[in-house]
Amino acid sequence: MNGFAKRFFKIESGETAKVIHFGLLGAFLQAGLSVGITTADALFLSTVGPSKLPLIYLLTPVIMLGYTPIYAYFISQKGMRWVLDVTLMILAGGGVVFFLATSWASGFAGGLVYYLAKLYTALWYIALYSLFWNFADNFFDIQDGKRLFAFFSGGLALGGIVGGALVTELADYVKAEHLFLLWSVIAAITIPLCRRIQAKWNPVDGDDFAENSRASVWRETRQTVSVIKGSRYALLLIGLFFTNLLATTLCEYQYMGIFSTGRSSEDLARLFGSLYAGVNVLNLTVNFFVFNRLVLRIGVRNTALIQPVVYLAAFFLYRFDYGMAAGVMGFFAYQGFLTSIDYNNSNFLFNALPGQWKQRMRTLIEGLCEPCAAAAVGVFLLVAQNH
């Protein structure tokens, strides 16, 4: 990397290889996730239908209530590096399992498989984001994060572009369920990259799990909840994320309904692949050229106001023009502005949590806020559909 590129991306001497490795890790994780989400959404909407999405919203908290305390426990017991290794192995095997299940199942079993596939991708949409940033936090301090995290977000966006483009191209040649195998391949390729990062660099503060080696899952969770309850700032973050995620879930429900009308699973795979590729071009641009300058100009608190304004514009369009343009606007509001601006800004907000408990607090807050907001929207939609 030449001197101009280093200055532009604010990379200091000796950091180039480390930054590139973490950028690639984010790209691989996001590419696989984009493929998996696109495939599961296409199959679910074309076979089960968008009217059943409220059930997904209600069931997601059940999955997360099981996942979140267990993963928070293993983070404290085994360390983030071990957890990420195991996660990649699960993803590599999970793609194969869902390919076989969606290919062979039929009737009632087939419908159940599509529910499970949708829930599986919903879990990893929440969990992988938290895992990646917790992992990166281990290797970069707060000041490094301010310089470099936007670059890593650009890596995530680049992975989304590649994943969406692969789905768009392959949907013309293979059935939608075959794309789950692509997710497995990408996850398997990511494992040696993750191992190389762990072998080549050490965490900034070391793994902080030794002191908690005898804690149980319940005790670990109870301690983390107690710390959260004692922090007014953490409670404020929970309120902020919860209300924002209410709007996010409603926005997703609206554009899913618009996109699914009159399209087969292959048509939906191509559509979602194109949209994911397109929206991540926006994310890449914002991450590399806009976000850091935006935060420096208007501050973290004012940046947090952008997403509510974008959602207001999206719901205004839903109300007066419930068509493809509104669906695309809603998709970009969720997968674009939320990802490239609001989620990046959240990394700065999470940096202010108590350092010793930051990983566990973040895992619980992110792992529970989104599914609980989804459940609240699910209840509302089940009631609203009858009126």
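Residues numbered from 1 in each chain as written. Predicted model: local features only at pLDDT ≥ 70, side-chain atom pairs only at ≥ 80, totals over all residues. Heavy atoms only, no water.

## A short note on the overall build of the chain
Scanning the chain from N- to C-terminus turns up 13 helices and zero strands. Mapped in sequence order, the helices and strands of the chain form the string α-α-α-α-α-α-α-α-α-α-α-α-α. When burial is assessed residue by residue, the chain has 56% of its 387 residues classed as buried. Of the roughly 16,500 Å² of accessible surface on the chain, a fraction of 66% belongs to carbon and sulfur atoms. (Helix = DSSP H or I, 4+ residues; strand = E, 2+ residues; numbered from the N terminus. Buried < 20%, exposed > 50% of the residue type's maximum accessible area, 1.4 Å probe, protein only. Areas by Shrake-Rupley, 256 points an atom, 1.4 Å probe, with all protein chains shown as cover.)

## Quick word on the side chain of asparagine 345
Relative to the helices and strands, asparagine 345 is located in helix H12 (residues 324-350). Discounting residues that sit within four places of it in the chain, asparagine 345 has contacts with Phe291, Val295, Val300, Thr303 and Ala304. (Contact = heavy atoms within 4.5 Å.)

## Quick notes on the packing of aromatic side chains
In the structure shown here, the tally under the stated rule is 25 aromatic pairs. With centroids separated by 5.0 Å and ring planes inclined at 75°, the aromatic side chains of phenylalanine 132 and tryptophan 133 adopt a geometry described as edge-to-face. Taken as a pair, phenylalanine 132 and tryptophan 133 share a single burial class, namely buried. Ring pairing ties together the aromatic residues Tyr125, Tyr255, Phe259, Phe272, Tyr276, Phe331, Phe332 and Tyr334, which thus form one cluster. For lysine 200, the ring lying beneath its charged end belongs to tryptophan 201, and the centroid distance is 5.5 Å. Across from the ring centre of phenylalanine 320, 5.3 Å away, lies the NZ or CZ of arginine 319, which sits over that ring. (Phe/Tyr/Trp six-rings, centres within 6.5 Å; stacked < 30°, edge-to-face > 60°. Lys NZ or Arg CZ within 6 Å of the ring centre and 35° of its normal.)

## Concerning helix H3 (residues 53-78)
In a regular helix each residue adds 1.5 Å, so 26 residues correspond to 38 Å; H3 covers 36 Å between its end C-alpha atoms and thus fits that length. Along its length, H3 shows its largest kink, about 25°, at methionine 64. Where H3 ends, the next residue or the one after it, glycine 79, has phi of about 95°, a positive value. (Expected span 1.5 Å × (residues − 1). Bend = angle between axes of the 7 residues up to and from the residue.)

## Points about the environment of leucine 112
Assignment of secondary structure puts leucine 112 in helix H5 (residues 107-139). Spatially, the C-alpha atom of leucine 112 lies 9.7 Å from that of threonine 102, the residues being ten residues apart in sequence.

## Let's talk about the packing of helix H4 (residues 80-104) against helix H7 (residues 179-200)
Here H4 crosses H7 at 165°, and the two axes come no closer than 8 Å. Between H4 and H7, the interaxial angle falls into the category roughly antiparallel. Crossing hand, H4 versus H7: left-handed. On H7, the residues that touch Arg81, Leu84, Asp85, Leu88, Met89, Leu91, Ala92, Gly95, Val96, Phe98, Phe99 and Thr102 of H4 are Phe180, Leu181, Trp183, Ser184, Ala187, Ala188, Thr190, Ile191, Cys194, Arg195 and Gln198. (Axes fitted to C-alpha atoms, helices over the stretch in contact; angles between N-to-C directions. Parallel < 35°, antiparallel > 145°, perpendicular 65-115°, else oblique. Left-handed = near helix turned anticlockwise from the far one by under 90°.)

## Let's talk about the packing of helix H2 (residues 16-47) against H7
In contact at an axis separation of 9 Å, H2 and H7 are set at 160° when each is read in the N-to-C sense. Judged by the inter-axis angle, H2 sits roughly antiparallel to H7. When you trace H2 past H7, the crossing you get is left-handed. The residue makeup of the contact of H2 with H7, split by class, is 19 nonpolar, five polar and one charged. (Nonpolar A, V, L, I, M, F, W, Y, C, P; charged D, E, K, R; others polar.)

## Some words on the confidence of the model for the chain
Per-residue pLDDT for the chain has a mean of 83; in total, 89% of the residues score no lower than 70. Highest mean pLDDT in the chain belongs to helix H11 (residues 306-320) (93); lowest belongs to helix H1 (residues 3-8) (60). Here residues 208-213 scores under 50 on pLDDT; set against residues more than four positions off or in separate chains, the count is 14 contacts. (pLDDT = per-residue confidence, 0-100.)

## So, the side chain of glutamine 335
As for its position among the elements, glutamine 335 is in helix H12. Its relative accessible area of 7% is what places glutamine 335 among the buried residues. Side chain to side chain, glutamine 335 and tyrosine 255 meet in a polar contact 3.4 Å long. Those residues in contact with glutamine 335 that sit more than four places away from it in its chain are Tyr125, Tyr255, Tyr276, Val279 and Asn283. (Polar contact = N/O pair within 3.5 Å; in protein donor to acceptor, adjacent residues only side chain to side chain.)

## Looking at the pattern of salt bridges
Counted under the stated rule, the structure contains four salt bridges. Across the pair arginine 195 and aspartate 85 runs a salt bridge whose closest N-O atoms are separated by 3.3 Å. Here aspartate 85 lies in helix H4 and arginine 195 lies in helix H7, a separation of 110 residues in the sequence. Overall, the relative accessible area of 40% leaves arginine 195 in the partly exposed class. The buried category is assigned to aspartate 85, whose relative accessible area is 12%. The shortest N-O distance in the salt bridge between aspartate 172 and arginine 270 comes to 3.0 Å. (Salt bridge = Lys/Arg side-chain N within 4 Å of Asp/Glu carboxyl O.)

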